[in-house]
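# Structure at a glance
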Amino acid sequence: MKKQTSVAVTFDDAIKARLDAYCELNDIDAQAVITEAVATFLKSQAPEINQLISGYVAMGQINTEISHAFSACEKRGIRPYSMSDKGAKAWMCP
């Protein structure tokens, strides 16, 4: 059995009434309906979520490069600047 965690969910009266009616008509537990609804929603959002994750991973490498440039410049007591090389930014110490 999967580990379960409880979460409090609040509905307005109209949605709660529709949920109750659906559950009664289909002989299903409200928890099962809510779990399926959330799972379906998250699955529909997966492409956007995966794109965000990929972006954060890519930014990690860029941030590492920038921090190395700043660290080298700080050791020399100067401020780095950005140069554009074919559209890509390169951080340099003068």
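Fair warning: this is a prediction, and the values are worked out from it, not measured in the lab.

As a further point, take the overall build of the protein chain. On a plain count of helices and strands, the protein chain comes out with two helices and two strands. The linear arrangement of helices and strands in the protein chain, starting from the amino end, is α-α-β-β. Out of the 94 residues belonging to the protein chain, those deemed buried represent 6%. Here the analysis covers contacts within the protein chain between residues at least 6 apart in sequence; of these, 6% occur between residues at least 24 apart.

If you check helix α1 (residues 13–26), its first and last C-alpha atoms are 20 Å apart, about what 14 residues at 1.5 Å a residue would give, namely 20 Å. N-capping of α1 is provided by Asp12, with a side-chain oxygen placed 3.2 Å from the backbone N of Ala14. Phi turns positive, to about 50°, at Asp27, one or two residues after α1.

In this structure the tally under the stated criterion is one salt bridge. In this structure, the salt-bridge partner of Asp20 is Lys16, at a minimum N-O distance of 2.6 Å. Here the residue Asp20 and the residue Lys16 both occupy positions in helix α1, the gap between them amounting to four residues, near one helical turn. Residue class for Lys16 comes out partly exposed when judged on its relative accessible area of 38%.

Summing up the model confidence of the protein chain, the mean pLDDT is 81 and the portion of residues at 70 or higher is 74%. Averaged pLDDT values over the elements of the protein chain bottom out at 53 in strand β2 (residues 88–92) and peak at 96 in α1.

On to unusual backbone geometry, then. Phi is positive for Asp27, which is not a glycine, with a value near 50°. Relative to the helices and strands, Asp27 resides in the loop between α1 and α2 (30–76).

There is a patch of nonpolar side chains on the surface, built from Val38, Phe41, Leu42, Ile49, Ile53 and Val57 and spanning about 560 Å² of accessible area. Looking at the secondary structure, you find Ile53 in helix α2. Using a relative accessible area of 47% as the deciding quantity, one classes Ile53 as partly exposed.

This paragraph deals with the environment of Ala30. Checked against the element boundaries, Ala30 lands in helix α2. Sequence separation of Ala30 and Lys16 is 14 residues, and the distance between their C-alpha atoms is 9.7 Å. Setting aside anything within four residues of it in sequence, one finds Ala30 in contact with Leu19 and Cys23.

What counts, and where the lines are drawn
- Residues numbered from 1 in each chain as written.
- Predicted model: local features only at pLDDT ≥ 70, side-chain atom pairs only at ≥ 80, totals over all residues.
- Heavy atoms only, no water.
- Helix = DSSP H or I, 4+ residues; strand = E, 2+ residues; numbered from the N terminus.
- Buried < 20%, exposed > 50% of the residue type's maximum accessible area, 1.4 Å probe, protein only.
- Contact = heavy atoms within 4.5 Å.
- Expected span 1.5 Å × (residues − 1).
- Polar contact = N/O pair within 3.5 Å; in protein donor to acceptor, adjacent residues only side chain to side chain.
- Salt bridge = Lys/Arg side-chain N within 4 Å of Asp/Glu carboxyl O.
- pLDDT = per-residue confidence, 0-100.
- Patch = residues over 30% accessible without salt bridge, like charges linked within 9 Å, V, L, I, M, F, W, Y side chains within 5 Å.
- Areas by Shrake-Rupley, 256 points an atom, 1.4 Å probe, with all protein chains shown as cover.

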